[in-house]
Amino acid sequence: MIKLTASAAKKIQQTIHRRGHGLGIRLGVKTTGCSGLAYVLEFVDSPKPEDQCFECDGCQIFVDPKSCVYMLSLIHI
């Protein structure tokens, strides 16, 4: 489960509205050089079939399966 503050959800909705299109945002983790991992945020216009979708205060947050594994490991630390 992913949670957002009310102000974060409002900001996401405002940004998507200003952008003029989009379903939500993608939260991801990508491998970066020798430093390890980095978080990635990007707009989602069409979700991928394998995405997990989380609804949070009216916002849709999409996460790919690989990133879900990394995020779940952070919860259990």
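Refer to the structure above for everything that follows.
This one's a predicted model, so the numbers in the text were calculated from it and none came from an experiment.

Participant: Any chance you could break down the overall build of the chain for me, citing the residues and the numbers?
Facilitator: In terms of helices and strands, the chain carries 2 helices and 4 strands. Reading the chain from its N end, one meets helices and strands in the order α-β-β-β-β-α. C-alpha extents for the chain along the principal axes are approximately 35 × 25 × 25 Å. When the accessible surface of the chain is split by element, carbon and sulfur atoms take 60% of a total near 5400 Å².

Participant: Describe the sheet that holds strand E1 (residues 24–32), with residues and values.
Facilitator: Ordered by their spatial adjacency, 4 strands build an open sheet running E2-E1-E4-E3, and the pairing between neighbours is mixed. Bordering the open sheet on either side are strand E2 (36–44) and strand E3 (52–56), each of which pairs with just one other strand. Averaged over all pairs of adjacent strands, the angle between their axes in this sheet comes to 25°, without regard to strand direction. For E1 and E2, the ladder comprises 9 bridges, and the chain directions are antiparallel. Bridging across to E2, Ile 25 finds its partner in Phe 43.

Participant: I'd like a description of the state of the cysteines, backed by residues and values.
Facilitator: Disulfides are covalent bonds that connect the sulfur atoms of two cysteines. Under the counting rule described, the total for this entry stands at 0 disulfides. In this structure Cys 53 is a free cysteine whose sulfur lies 11 Å from that of Cys 59, the closest cysteine sulfur available. Looking at Cys 53, the relative accessible area reads 42%, which means it is partly exposed. In this model Cys 68 remains outside any disulfide bridge; the closest cysteine sulfur is found in Cys 53, 11 Å from its own. Taking the relative accessible area as the measure of exposure, Cys 68 reaches 16% and is therefore buried.

Rules used in this analysis
Residues numbered from 1 in each chain as written. Predicted model: local features only at pLDDT ≥ 70, side-chain atom pairs only at ≥ 80, totals over all residues. Heavy atoms only, no water. Helix = DSSP H or I, 4+ residues; strand = E, 2+ residues; numbered from the N terminus. Areas by Shrake-Rupley, 256 points an atom, 1.4 Å probe, with all protein chains shown as cover. Pairing = 2+ DSSP bridges. Axes fitted to C-alpha atoms, helices over the stretch in contact; angles between N-to-C directions. Disulfide = S-S within 2.5 Å. Buried < 20%, exposed > 50% of the residue type's maximum accessible area, 1.4 Å probe, protein only.

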